[in-house]
Structures are given as structure tokens and as C-alpha cells.
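Architecture and fold: a report
Okay, here's what each chain looks like letter by letter:
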Amino acid sequence: MADSDSDEEWTPLSERSEWKDVTPIPQDEGENPPVSIKYTARFTEVMDYFRAIIKADERSARALALTAEVIEVNSANYTAWYYRRLVLQALQSDLLEELNVFVANLAEESPKNYQLWYHRRWLVAQLKDASAEKSFIATVLDDDAKNYHAWAHRQWVVAEFSLWEGELSFVDGLLDFDVLNNSAWNHRFFITTHPGNPAVSKSADAAAEISRAEIEYTWARIRKMPNNTAPWSYLRGHWARLGSAEDRTQLMQDLDQFCEKYKTCAPSLSFKVFLLEQQGDEASLAEALYLCESLANRQARMNMKYWLMRKTAVRDKLSSLQGDEELSGEELQMVLEARAAKAAAAAAAAAAAETASA
């Protein structure tokens with residue numbers, strides 16, 4: 001976006017000889033605009049000439065230069081970016097120069113500009129060459145490791161040009177630096193689940209093996225920072241991809257041991273509620289009901305209303321399963337909580353016995 005200093009140095013188009021033959025077209029706001037925007041003189045003149053160029057459908061070197069001026073005063077102007085692409089094609093311009101000079105310079109000033117990133121994608125697609133993209137994106141992420149546009153572009157580049165190699169190592173480095181980086185976790189899930197990745201699409205067994213390995217990887221990250229919600233979400237995603245009952249049973253056993261060690265860890269208990277609901281049997285729902293009550297009143301009191309809502313949903317599932325619909329709300333609550341406490345005690349005893357035998 002142009003600043004006041006650049007406005008003072010700017011030469012109006014009306015004073016430039018190459019624009020003498022163009023009649024600018026003012027913005028039509030009607031006879032009585034309810035709210036008239038106070039544009040700068042530079043913005044007004046640039047846009048007036050831009051309208052004239054569009055009306056004439058002029059695709060020339062000066063039209064290309066004018067789109068740059070429009071983008072300078074308003075880098076989010078989609079029409080200017082679109083028209084620039086039309087002119088670049090008409091002039092058969094050097095798209096590599098456009099990528100490495102025009103776009104690269106603007107990226108430093110406006111790294112979260114959607115139109116800029118879309119333009120970059122278009123250029124890379126036209127060039128059919130993404131060899132420099134991963135290093136460029138890494139540089140952008142060095143400044144802001146959670147730049148959504150940079151991550152979205154990286155995913156497109158990786159999938160479109162099959163540049164899967166090295167991506168897990170790249171994510172590892174970012175997570176070593178900041179394990180709370182949700183964007184890096186999201187990218188890792190993209191890499192390990194995308195059907196375009198040959199390692200994933202090789203076979204169902206190969207995909208399941210990747211999920212097993214990722215679950216082990218995630219446990220290692222979780223143990224370093226148990227209350228970090230990002231890896232728990234990642235774990236849930238790969239749980240859904242496990243193909244065998246044995247794998248899911250093993251994950252539940254590992255989770256039980258973790259919850260026993262980290263009794264106040266809300267994310268682990270939250271994940272356990274989810275798994276118990278998925279199991280859906282009476283004992284599992286009873287334990288889930290107990291955990292919802294515990295989370296609401298102890299481990300996650302800031303989210304009390306949410307967990308009370310979840311508790312109601314679990315209670316409804318359990319009452320439907322057990323045929324307790326005829327009981328009053330208070331009576332049902334007492335029955336279910338008693339069953340939940342009994343189930344939780346049984347589960348704890350079983351876990352203790354297993355630990356002792358080990």
C-alpha cells in the first residue's frame with residue numbers, strides 16, 4: 001500500500017506524456033452517495049485511468065505498468081491482479097521475472113496477501129516449475145511460522161509437483177523449535193494422509209503402518225508437553241485411520257496408562273471421552289459420563305458449560321441404551337452417576353492389575 005511519502009514523489013498520470021491519449025473514467029457513485037469515501041488524489045487518478053484501460057481492453061506495456069500502480073495503492077484489488085495476468089499472457093512476458101522480482105518484492109511487504117499468493121501459484125503453474133518454491137516458502141515461514149497462505153501454497157506445490165520428499169524432516173525441524181505450531185501439525189497430517197503421496201497410496205496396509213508410526217511419533221511429542229492440544233488432535237486424526245481393532249485397543253491401553261500418570265491432563269481425558277463414545281457400549285458410556293463430570297468440575301473448569309453439554313449428550317446415549325427413559329431427570333442422574341463411578345472404579349482396578357503384572 002502506498003504511503004504519504006511515495007504519494008509526494010509520485011507523478012500523476014495526467015502529467016505523463018504516454019497517457020495523454022487516455023480519458024480517465026471517474027468512479028460512478030450516483031447523484032447522492034450515502035457515504036462518500038475520501039480517497040487520496042493518487043488513488044483516485046490511478047483507478048480512473050485503470051477503468052479506462054479496462055473499458056478499452058488494452059493489453060499493453062503501459063497497461064501492465066498501470067496494474068502495478070493499482071496494486072501499489074491497493075494490493076488486495078483482485079481485478080488489478082486478474083487484469084495483470086491477462087496482460088502478461090498477451091505480451092508473452094517473462095513470467096520468471098514476474099515471479100522473482102515483482103511478486104518476491106511484494107511478498108516482503110505483504111506476506112499475507114491472498115491475491116499475491118494466488119498470483120504466485122498461477123505463475124508457477126504456467127512455468128511448470130516449482131523447484132524454488134519450497135525454499136522460498138521456508139524463508140517466509142522463518143518470519144511467521146503460522147502464515148496460512150504460505151502453508152496453503154506449500155501444500156499445493158507438494159501435491160501438484162509430487163515434492164513429498166523431505167517434508168517430514170521439514171516439519172520435524174519446526175516442531176523441534178515450537179511444538180505448539182498447529183500449522184506444522186496440520187501440514188504433517190496432510191503429508192501422512194494425502195492420497196497423492198505414493199507412500200500413503202501404496203496400499204491400505206502401508207497407510208495403516210504410517211498411521212501406527214505417526215501415533216508413536218505423537219506420543220513422544222505429547223510426553224514432552226502433555227497439555228498441548230495440537231498433537232492430541234493429530235492423534236485423533238490418525239486413530240480414525242487405524243484399520244484393525246487390535247490397533248485401536250492398543251491405543252486405548254496406552255491412553256489409560258497415560259491418564260493414570262497425568263491425572264490432571266484435560267486433553268488426554270477429552271480424547272478418552274471421545275474414544276469411549278466411539279466404543280458406545282454401556283461400560284464405556286458410563287465411564288465417559290464420569291469423565292465429563294470430572295472435566296466440568298476439575299480438570300477443565302474454564303470449559304464447564306461445554307463439558308456439561310457433553311455430559312448431557314453422553315447421558316442421553318446411555319439412557320437410551322439402558323432403557324431408563326421413564327426415570328425422572330434427577331433419578332436418572334443418580335442412577336447413571338452411580339453406574340459411571342462403578343465403571344470407572346473397575347477400569348482403574350483393571351489398569352492397576354495390569355501394571356502390577358507387567
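Everything numeric here is computed off the predicted structure, so don't read it as measured data.

Focus on the overall build of the chain
- Along its length, the chain carries 18 helices and zero strands.
- Residues classed as buried in the chain amount to 44% of the 358 residues present.

Section: helix 7 (residues 133-143)
- All of the buried residues in helix 7 are E133, K134, F136, I137, A138, V140 and L141.
- Those residues of helix 7 that are buried lie in contact with helix 5 (95-109), helix 6 (114-127), helix 8 (148-160) and helix 9 (167-177).

Section: the pattern of salt bridges
- Counting across every chain of the model gives 23 salt bridges.
- A salt bridge links D172 to R188, with the nearest nitrogen and oxygen atoms 3.1 Å apart. In this pair, D172 is assigned in helix 9 and R188 in helix 10 (residues 182-193), connecting sequence segments 16 residues apart.
- Residues E214 and R188 are paired through a salt bridge, measuring 2.6 Å at the closest nitrogen-oxygen approach. Separated by 26 residues along the polypeptide, E214 in helix 12 (residues 204-224) and R188 in helix 10 bring together distant segments of the chain.
- Using a relative accessible area of 4% as the deciding quantity, one classes R188 as buried.
- Counted as one network, the salt bridges with shared partners bring together D172, D176, R188, E214 and R221.

Considerations on the layout of surface pockets
- In this structure, the second largest pocket encloses a volume near 300 Å³.
- Taken together, 15 residues line the second largest pocket, and the ones lying closest to its centre are T229, W232, P267, S270 and F271.
- Looking at the lining of the second largest pocket, the elements with two or more residues in it are helix 13 (229-239), helix 15 (266-279) and helix 17 (304-322).
- Examining the composition of the lining of the second largest pocket, we find that five residues originate from one element, helix 15, more than from any other.
- Among the residues making up the lining of the second largest pocket, the classes are represented as eight nonpolar, five polar and two charged.

A short note on the packing of helix 8 against helix 10
- For the pair helix 8 and helix 10, the least separation of the axes is 11 Å and the interaxial angle reads 15 degrees. Here helix 10 runs roughly parallel to helix 8, going by the angle between their axes. The hand of the helix 8/helix 10 crossing is right-handed. Mapping the contact onto sequence places W151, R154, Q155, V158 and A159 in helix 8 and S183, A184, N186, H187, F190 and I191 in helix 10.
- Considered class by class, the residues forming the contact of helix 8 with helix 10 number six nonpolar, four polar and one charged.

Overview of helix 6
- With 14 residues, helix 6 should cover 20 Å at 1.5 Å per step; its first-to-last C-alpha distance of 20 Å lies within 8% of that length.
- One side-chain oxygen at the N-terminal end of helix 6 lies 2.9 Å from the backbone nitrogen of Q115; it belongs to N113.
- Downstream of helix 6 by a residue or two, K128 has a phi angle that is positive, lying close to 55 degrees.

So, the environment of R298
- Here R298 is to be found in helix 16 (residues 282-299).
- R298 sits in the exposed class, given a relative accessible area of 52%.
- Each C-alpha atom, one on R298 and one on A266, is 9.1 Å from the other, the two residues being 32 residues apart in sequence.

Some points on the packing of aromatic side chains
- The tally for this structure, following the rule as stated, stands at 20 aromatic pairs.
- Ring geometry for Y306 and W307: centres 5.0 Å apart, planes at 75 degrees, overall edge-to-face.
- Judged by relative accessible area, which is 4%, W307 ranks as buried.
- R62 extends its terminal NZ or CZ atom over the ring of W19, reaching a point 4.8 Å from the ring centre.
- Directly above the ring of F274 sits R236, whose terminal nitrogen or CZ lies 3.6 Å from the centroid.

Rules used throughout
- Residues numbered from 1 in each chain as written.
- Predicted model: local features only at pLDDT ≥ 70, side-chain atom pairs only at ≥ 80, totals over all residues.
- Heavy atoms only, no water.
- Helix = DSSP H or I, 4+ residues; strand = E, 2+ residues; numbered from the N terminus.
- Buried < 20%, exposed > 50% of the residue type's maximum accessible area, 1.4 Å probe, protein only.
- Contact = heavy atoms within 4.5 Å.
- Salt bridge = Lys/Arg side-chain N within 4 Å of Asp/Glu carboxyl O.
- 1 Å grid on protein atoms, 1.4 Å probe; cavity = no way out; pocket = protein on both sides within 12 Å on 5 of 7 lines; lining within 4 Å.
- Points joined across faces, edges and corners; volume = space filled by probe spheres on them.
- Nonpolar A, V, L, I, M, F, W, Y, C, P; charged D, E, K, R; others polar.
- Axes fitted to C-alpha atoms, helices over the stretch in contact; angles between N-to-C directions.
- Parallel < 35°, antiparallel > 145°, perpendicular 65-115°, else oblique.
- Left-handed = near helix turned anticlockwise from the far one by under 90°.
- Expected span 1.5 Å × (residues − 1).
- Polar contact = N/O pair within 3.5 Å; in protein donor to acceptor, adjacent residues only side chain to side chain.
- Phe/Tyr/Trp six-rings, centres within 6.5 Å; stacked < 30°, edge-to-face > 60°.
- Lys NZ or Arg CZ within 6 Å of the ring centre and 35° of its normal.

Keep in mind that these numbers describe shape and distance, not what the molecule does.
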